[in-house]
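Structural overview
Each chain, written out:
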Amino acid sequence: MKLLICSDIHGDFDSARKITEAYKSSGAEKLIILGDILYHGPRNDLPPSYAPKKVIALLNELKEEILAVRGNCDTEVDQMVLEFPILADYAYLSADGLNIILTHGHKYNTASPIPMKRGEILIHGHTHILACEEFGNDNYYINPGSPAIPKGGNVGSYMIYENRTFTILDFDGKVLLKKEF
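The structure reproduced in this document is the subject of the present report. Residues take numbers from 1 onward in each chain, read along the sequence in its written order. Since the coordinates come from a predicted model, pLDDT governs what is reported: local features require at least 70, and pairs of side-chain atoms require 80 or more to be given and counted, while whole-chain, interface and lining totals use all residues. Computation of side-chain values covers all heavy atoms of the structure but excludes hydrogens and water.

Some remarks on the sheet that holds strand 5 (residues 98-103)
Note the threshold: When DSSP locates at least two bridges between a pair of strands, those strands are taken to pair. Secondary structure follows DSSP: runs of H or I at least 4 residues long count as helices, runs of E at least 2 residues long count as strands, and numbering of each begins at the N terminus. In this analysis, axes come from line fits to C-alpha atoms, helices being fitted only over the stretch in contact, and the angle between any two N-to-C directions falls in the range 0 to 180 degrees.
One open sheet accounts for five strands, arranged 4-5-6-8-7; its pairing is mixed. Looking at strand neighbours, the two that pair on one side only are strand 4 (90-95) and strand 7 (131-135), the edges of this open sheet. Strand-to-strand, the axes of this sheet are offset by a mean angle of 20 degrees, without reference to chain direction. Looking at chain direction, strand 7 and strand 8 (residues 139-143) are connected through five bridges and run antiparallel. Counted as the bridge partner of E133 is Y141 from strand 8.

Here it is in structure tokens:
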């Protein structure tokens, strides 16, 4: 199974375009979006190419291939224009013998995790800072960063999952972080 995972597009059309291009060229089976799809939120500056209507059109073209969870900036109004479900707080995925919990991170995170079994993996965005660290009961937390509004000195990024390996990349294809299980 191959997946492209991203978070925090925040209505930035250039970032959404780069994500969809990376998705199409990667050969991934699903595009997973960890929330904050259209709105930039009151704490963030307006993204450079803020155009949520263009982001809507671009992502709706891939509606059968997207799995998304709700971010703190996503609302029922956003669900009215997006043709794929976005309002679940989390999703549970089993891939290649790994159990993965996908969420945005504002509700469930390492400080306030969803109940997890030993060895399960928590993937969330929200902080806009890429990360991979052990926590809890032999659990791992992985954050793909943000393509639109990276923070903490990071560059725009996304993650590829394949064969029990999580690889975070920038848009030039440079590997920023890699974790094999």
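What to know about a nonpolar patch on the surface
For the record, the criterion: To count toward a patch, a residue needs a relative accessible area over 30% and no salt bridge; like charges are then connected within 9 Å, while nonpolar side chains (Val, Leu, Ile, Met, Phe, Trp, Tyr) are connected within 5 Å. For accessible areas, the Shrake-Rupley method is used with a probe of radius 1.4 Å. Any residue's cover is judged against the shown protein chains and nothing else. For this document, the term salt bridge refers to a Lys or Arg side-chain nitrogen within 4 Å of an Asp or Glu carboxyl oxygen. Only protein chains enter the accessibility calculation, which uses a 1.4 Å probe. A residue is then buried if its area is under 20% of the maximum for its type, exposed if over 50%, and partly exposed in between.
Taken together, V77, M80 and V81 make up a surface patch of nonpolar side chains, about 320 Å² in accessible area. Mapped onto the elements, V81 comes out in helix 3 (residues 76-81). For V81, a relative accessible area of 37% corresponds to the partly exposed category.

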